[in-house]
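Survey of secondary and tertiary structure
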Amino acid sequence: MSQAYLQCIACGARFASNSGALYACPTCGDLLDVVYDWDRLDPDALRHCFRQRRLSDDPKDVSGVWRYRELIPFYDDERQIVTYPEGNTPQLDAPRAARYAGLSRLTFKHQGYNPTGSFKDNGMATGVTQARVLGARVVACASTGNTSASMAAYAARAGLLGVVFIPEGQIAFGKLSQSLDYGALTLQIRGDFDKAMDLVRDVAPQVGMYVLNSVNPFRLEGQKAMAIELLDQRGWRVPDRIVVPGGNLGNSSSLGKGFKELYDLGFIDRLPHITIVQAEGAAPLYRTVTSHETSRLVTVYARTLATAIKIGRPVSWKKAKRAMDWTDGWVTTVTEQEIADAKAIIGRDGIACEPAAATTLAGLKRLIAEGTDTPINKDEDVVAILTGHVLKDPDYTVRYHLGDLYEDYVTETIVTHRSEKIQSNYPNRPVEVEAEPAAITAAIEAHLARVAAE
Ligand SMILES: *Cc1c(COP(=O)(O)O)cnc(C)c1O
Ligand SMILES: [Zn+2]
């Protein structure tokens, strides 16, 4: 089997991959990558093998992560593998959304169809597997919601105790409910995500908790499988562009690593441009790459209703920047209004997603509209990653359609002051009707007339 190491992205120092909980380079403090001394891999034979495994009922073959295990070979023994199973998420044509953005076509890969409703499951499959490799009993994470939902489920499946740190009042109810039902110890921290993250890192060594934030390089290995599965589903036709929301920047980092490894190993002969979209109020990567001094992160106090990307100090920013460099990528920002409208449009294609995921369509629309200042063209083969399920944050969706969405609105539990109203440009209000056939018929006819006029 190929040999795995942890390697510092800055000084290149290497460490054994199973030598304990390591989240940063002991020499210089920078981020670590899982790297491999690859066995000779035959891309054609493996592509065929991956296809064949779809006929198998073995959970490792059913998983959209472990089906590709030759490309994620850090465990010692297949019995250590943890799987729900995850992945196998659909690719969906979105003609309405394509028209909205000004593209001739657009495909969404919907990671919301994972077992806990977000792409975090891909990463927990490998992260919790590594917890097992290391013999950990307790796993922990700070979370804007989806990481905790996913970790709580995977910890329970693997028989480990999960401890989640969430910023009080700042996560969507759907996500909080998952963490509670899956039985994780759920600590509501009086502070924002960035504060919760600091606390996890402080406390973890004292309590012996294995940290499963995306600073953990093993999580990124599972998220990398998104790139592999996507290509497998497309018969290995490389898209021109991959669009992802940017929060803590683990997802963009892992997609970059995945495509780069596939390129280096001879599976593909070109790389898709990785295009990252951040909310304007939480855009530290955008601010960093557009600043004069790109070697230091510009941090921000994050503000957005898309809570999954409400992060001011993204831990993986250097890896995300590296992914942009490798793939000739791009980063842009979108407003709260643009996110809200894009989300409604994605819904109209019969797809729907949580707010953070809608940044992808909003970002594409903005890039096309900006025209010559950006390198995108309208006939590109674009795949946008929808990172989370619409039911994660139903409150946001219902408020949008009722015309009652405000920028400082957070969750049902905490009422902050309400300021900027988000316009509902594509509303679909529920219609109140008398319980009488005539009233109902009139309501349906009025609706049909409205649709015909659109
Ligand atoms: C975690 C998450 C993101 C942000 O991904 P990063 O890897 O932190 O950049 C975006 N959308 C959803 C739905 C998420 O759960
Ligand atoms: Zn180092």
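Quick caveat, the model's predicted, so the values are computed rather than measured.

Here we take up the overall build of the protein chain. What the protein chain contains, in helices and strands, is 15 helices and 13 strands. Compactness check: the protein chain gives a C-alpha radius of gyration of 22 Å against a globular reference of 22 Å for 454 residues, within 12% of the reference. Evaluated residue by residue, the protein chain yields a buried proportion of 58% over its 454 residues. A sequence separation of at least 24 residues applies to 69% of the contacts in the protein chain between residues at least 6 apart. By element, 50% of the accessible surface of the protein chain is carried by carbon and sulfur atoms, the whole surface being about 18400 Å². Separation between the mean location of the 50 positive side-chain charges and that of the 55 negative ones in the protein chain comes to 2 Å.

Here the zinc ion (ligand 2) is held by Cys 8 (SG), Cys 11 (SG), Cys 25 (SG) and Cys 28 (SG), and the distances to it run 2.3 Å. Classification of the site at the zinc ion (ligand 2) as tetrahedral follows from its 4 donor atoms and the range of 97 to 121° in their angles at the metal. Read from N- to C-terminus, the donor residues coordinating the zinc ion (ligand 2) fall into the pattern C-x2-C-x13-C-x2-C. Residue Cys 11 is found in the loop between strand 1 (3-8) and strand 2 (14-16), and its partner Cys 28 is found in the loop between strand 2 and strand 3 (32-37); the two are separated by 17 residues along the sequence. The class of Cys 28 is partly exposed, set by a relative accessible area of 42%.

Neighbouring residues of ligand 1: 15 residues in total, closest Lys 120, Asn 146, Asn 248, Asn 251 and Thr 387. Between ligand 1 and Asn 248, the relevant distance is 2.7 Å, taken from an oxygen atom to a main-chain nitrogen or oxygen of the residue. Taking Asn 251, its main chain carries an N or O atom lying 2.7 Å from an oxygen atom of ligand 1. Considering ligand 1 on its own, with 390 Å² of exposed area, one finds that the protein chains cover 97% of that surface. Comparing atom positions with the cavity grids shows ligand 1 to sit within the largest cavity. Of the residues contributing to the shell around ligand 1, the split by class is 5 nonpolar, 8 polar and 2 charged.

Read from one edge to the other, the open sheet built from 3 strands follows the order 2-1-3, with strand pairing classed as antiparallel. Lying at the two open borders of the sheet, with one neighbouring strand each, are strand 2 and strand 3. Averaged over neighbouring strand pairs, the angle between their axes works out to 40° when direction is ignored. Together, strand 1 and strand 3 form the strand contacts of helix 8 (residues 217-233), whose direction differs from that of strand 3 by roughly 65°.

As a further point, take the pattern of salt bridges. Within the structure shown, the criterion is met by 35 salt bridges. When the shortest N-O distance is used, the salt bridge between Arg 47 and Asp 44 registers 2.6 Å. Of the two residues, Arg 47 and Asp 44 are both situated in helix 1 (residues 43-52); the distance of 3 residues between them amounts to about one turn of the helix. Overall, Asp 44 belongs to the exposed group, its relative accessible area being 53%. Glu 354 is the partner of Lys 175 in a salt bridge, and the nearest nitrogen-oxygen pair spans 2.7 Å. Remark: Glu 354 occurs in the loop between helix 12 (336-348) and helix 13 (355-370) and Lys 175 occurs in helix 6 (residues 173-181); sequence separation between them is 179 residues. One salt-bridge network, held together by shared partners, links Arg 53, Asp 58, Lys 60, Asp 61, Arg 69, Glu 70 and Glu 78.

Burial of strand 6 (residues 138-142) is extensive: 5 of the 5 residues sit out of reach of the surface. Judged by which residues are buried, strand 6 turns out to be covered on both faces: Val 138, Ala 140 and Ala 142 on one side and Val 139 and Cys 141 on the other are all buried. Examined bridge by bridge, strand 6 and strand 7 (residues 161-167) share 5 bridges and lie parallel to one another. In the strand pairing of strand 7, Val 138 is matched with Leu 161. Between strand 6 and its parallel partner strand 7, the chain crosses via helix 5 (residues 146-158), and the hand of that crossover is right-handed. Looking at chain direction, strand 6 and strand 9 (residues 209-211) are connected through 3 bridges and run parallel. Bridge pairing in strand 9 links Val 138 to Met 209.

A residue-level look at the protein chain finds 97% of positions with pLDDT of 70 or above and a mean pLDDT of 94. Between residues 409-413, whose pLDDT stays under 50, and residues either more than four places distant or in other chains, the model counts 15 contacts.

Here we come to helix 11 (residues 317-327). For helix 11, the set of buried residues is Trp 317, Lys 319, Ala 320, Arg 322, Ala 323, Met 324 and Thr 327. On its buried face, helix 11 is in contact with strand 3, helix 8, helix 9 (250-264), strand 11 (273-279), helix 10 (284-289) and strand 12 (330-334). At the C-terminal side of helix 11, Asp 328 shows a positive phi close to 55°.

In this structure, Ala 184 sits in the loop between helix 6 and strand 8 (185-189). The exposure class assigned to Ala 184 is buried, which follows from its relative accessible area of 11%. Remark: the alpha-carbon pair of Ala 184 and Asp 404, spanning 220 residues in sequence, is separated by 33 Å. Filtering out sequence-adjacent residues up to four positions away, Ala 184 remains in contact with Ala 152, Gly 162, Val 164 and Ser 179.

Thresholds, definitions, all that
- Residues numbered from 1 in each chain as written.
- Chains lettered and ligands numbered in written order.
- Predicted model: local features only at pLDDT ≥ 70, side-chain atom pairs only at ≥ 80, totals over all residues.
- Heavy atoms only, no water.
- Helix = DSSP H or I, 4+ residues; strand = E, 2+ residues; numbered from the N terminus.
- Rg over C-alpha atoms; globule rule 2.2 N^0.38 Å.
- Buried < 20%, exposed > 50% of the residue type's maximum accessible area, 1.4 Å probe, protein only.
- Contact = heavy atoms within 4.5 Å.
- Areas by Shrake-Rupley, 256 points an atom, 1.4 Å probe, with all protein chains shown as cover.
- Lys, Arg positive; Asp, Glu negative; His and termini not counted.
- Charge placed at Lys NZ, Arg CZ, Asp CG, Glu CD.
- Donors = N, O, S within 2.8 Å, 3.2 Å for Na, K, Ca; no water.
- Tetrahedral: all angles 85-135°; square planar, octahedral: opposite > 155°, others 65-115°.
- Near = heavy atom within 4 Å.
- Polar contact = N/O pair within 3.5 Å; in protein donor to acceptor, adjacent residues only side chain to side chain.
- 1 Å grid on protein atoms, 1.4 Å probe; cavity = no way out; pocket = protein on both sides within 12 Å on 5 of 7 lines; lining within 4 Å.
- Sits in = over half its atoms within 2 Å of the grid points.
- Nonpolar A, V, L, I, M, F, W, Y, C, P; charged D, E, K, R; others polar.
- Pairing = 2+ DSSP bridges.
- Axes fitted to C-alpha atoms, helices over the stretch in contact; angles between N-to-C directions.
- Salt bridge = Lys/Arg side-chain N within 4 Å of Asp/Glu carboxyl O.
- Right-handed = clockwise from strand over helix to strand, strands pointing away.
- pLDDT = per-residue confidence, 0-100.

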